[in-house]
Amino acid sequence: MALSTKGEYRLPLELDPSLERLPLEELVRLGQRKLFESQVLQRASRSTLYARRWREAGLHLERQTSTAAWASIPYTDGHDWLTAQANGPFTRFFVGQPRLWVSNHSRGRARKWAPYGDQDIILLMSLALRLARVVGLQPDDRILTVVEPSPRVGNPLPYLWAEADGLAGGLRLEFIPGSLAMLAHNNWPSFAWRRNPTVLFSRLDEALTLQQALSQAGPTPCASVAEAFPSFRVGLFFGEPLDPKREEIRRSFGLEAFSVYLLAEFPALAVECPAHNGLHLWLDTCFPEIIAAGLPAWKGKGSAPQPAALPLASAPDNLEGELVLTTFGQALPLVRYRTGDRIRLVSKAPCLCGRTHPRIQILGKLNEQELATTR
Ligand SMILES: [Zn+2]
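Now for a quick tour of the structure.

Reading the values: rules and limits
Residues numbered from 1 in each chain as written. Predicted model: local features only at pLDDT ≥ 70, side-chain atom pairs only at ≥ 80, totals over all residues. Heavy atoms only, no water. Donors = N, O, S within 2.8 Å, 3.2 Å for Na, K, Ca; no water. Tetrahedral: all angles 85-135°; square planar, octahedral: opposite > 155°, others 65-115°. Helix = DSSP H or I, 4+ residues; strand = E, 2+ residues; numbered from the N terminus. Buried < 20%, exposed > 50% of the residue type's maximum accessible area, 1.4 Å probe, protein only. Pairing = 2+ DSSP bridges. Right-handed = clockwise from strand over helix to strand, strands pointing away.

### Points about the coordination of the zinc ion
Donor atoms from the polypeptide that bind the zinc ion are Cys 273 (SG), His 280 (NE2), Cys 351 (SG) and Cys 353 (SG), placed at 2.2 to 2.3 Å. What the 4 donor atoms of the zinc ion show is an angle range of 104 to 116° at the metal, which sorts the shape as tetrahedral. Sequence spacing of the donors to the zinc ion: C-x6-H-x70-C-x1-C. Separated by 78 residues along the polypeptide, Cys 273 in the loop between β10 (268–272) and β11 (279–280) and Cys 351 in the loop between β17 (337–347) and β18 (359–365) bring together distant segments of the chain. A single burial state applies to Cys 273 and to Cys 351, both of which are buried.

Quick look at the structure:
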């Protein structure tokens with residue numbers, strides 16, 4: 001992994017599979033090293049997302065050369081994101097050349113727009129290859145992706161994934177893109193039926209509508225998707241927690257269902273493995289922390305108290321709380337970003353699949369009251 005003169009990692013397209021099985025302590029050290037070497041704090045301090053609040057907290061992270069004062073760095077959340085996005089100068093919102101903009105999925109609220117640089121896109125492509133490996137995709141699998149239209153982050157994923165597999169994955173994966181928004185305008189379900197896909201990638205909250213569309217896709221309407229699409233073997237579902245709908249999905253679609261966590265603000269792609277006991281959160285791509293109820297508030301000199309967070313790698317198993325992410329991103333690194341997603345740390349112990357990255361369960365979004373009381 002090389003470092004450019006601007007302190008950004010030059011990622012190879014295919015991350016080394018042995019990274020998935022490094023001992024936890026080594027992964028923690030690797031994350032710390034990447035945080036430091038990719039100059040996340042120095043680069044982020046140029047962004048309007050962080051600059052003012054960090055200055056007000058008396059922090060001069062542009063000069064920071066260690067992560068010693070980590071707990072004093074204020075959290076950033078979706079509200080801060082929207083504020084920085086709406087108020088200029090917009091060219092100082094991002095800190096690396098944007099190559100692609102995507103927007104998040106949030107009902108009834110303003111949308112967050114996230115810049116992905118070249119390296120961020122390569123990371124997303126690499127994580128798609130990793131996902132294929134983790135869930136056991138096979139050569140010549142045909143993947144029906146039912147994702148949201150642009151500008152949502154799911155939209156470019158099949159295209160980037162196809163290219164990644166062609167360049168470095170080697171599984172000869174084939175993608176059939178569809179979207180519920182195009183149901184009334186395009187015959188993609190009946191085309192997909194003719195192509196007999198083996199894998200389904202879709203939002204979970206669209207599964208019910210999808211069920212109707214797919215079971216009617218062939219020349220003769222079927223009672224279930226499983227009957228209409230007999231080759232479906234693997235289902236990858238994102239957007240909301242798979243449990244408690246897992247069994248129902250398995251039966252109606254006739255596939256092994258895996259939960260996927262997809263975040264728009266940064267190319268994070270956590271995925272469940274065949275052990276089905278939590279999603280592996282990749283410590284070589286981010287530094288995750290958890291804000292749990294009951295942790296004492298942290299109060300620095302002259303700053304307002306803020307809830308304390310524990311690094312996920314040292315939190316006790318089964319701890320529940322909000323996921324906080326710091327990333328090593330190019331166009332806009334996240335620094336202590338409160339995702340608003342409630343998680344449970346399932347386990348830090350090596351998984352039955354042999355992977356060592358901590359496993360989390362996504363429990364859903366924090367509700368408005370929880371958001372208000374913890375901020
Ligand atoms: Zn596993």
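### Focus on the sheet that holds strand β15 (residues 310–311)
An order of β6-β5-β7-β8-β9-β10-β11-β18-β17-β16-β12-β15 is seen for the 12 strands of this open sheet, with the pairing classed as mixed. The open sheet has two free edges, formed respectively by β6 (174–178) and β15, since each of these has just one partner strand. Bridge count between strand β12 (residues 286–291) and β15: 2 bridges; the pairing is antiparallel. Paired with Glu 289 across the strands is Pro 311, a residue of β15.

### Digging into the pairing of strand β8 (residues 234–238)
Burial within β8 is extensive, with 5 of its 5 residues counted as buried. Of the two faces of β8, both are covered, the one formed by Val 234, Leu 236 and Phe 238 as well as the one formed by Gly 235 and Phe 237. Note that strand β7 (residues 199–203) and β8 share 5 bridges and pair parallel. Of the residues in β8, the one forming a bridge with Val 199 is Val 234. Traced from β8 through helix α10 (residues 246–253) to strand β9 (residues 256–263), the parallel crossover comes out right-handed.

These figures come from the coordinates and say nothing about function on their own.
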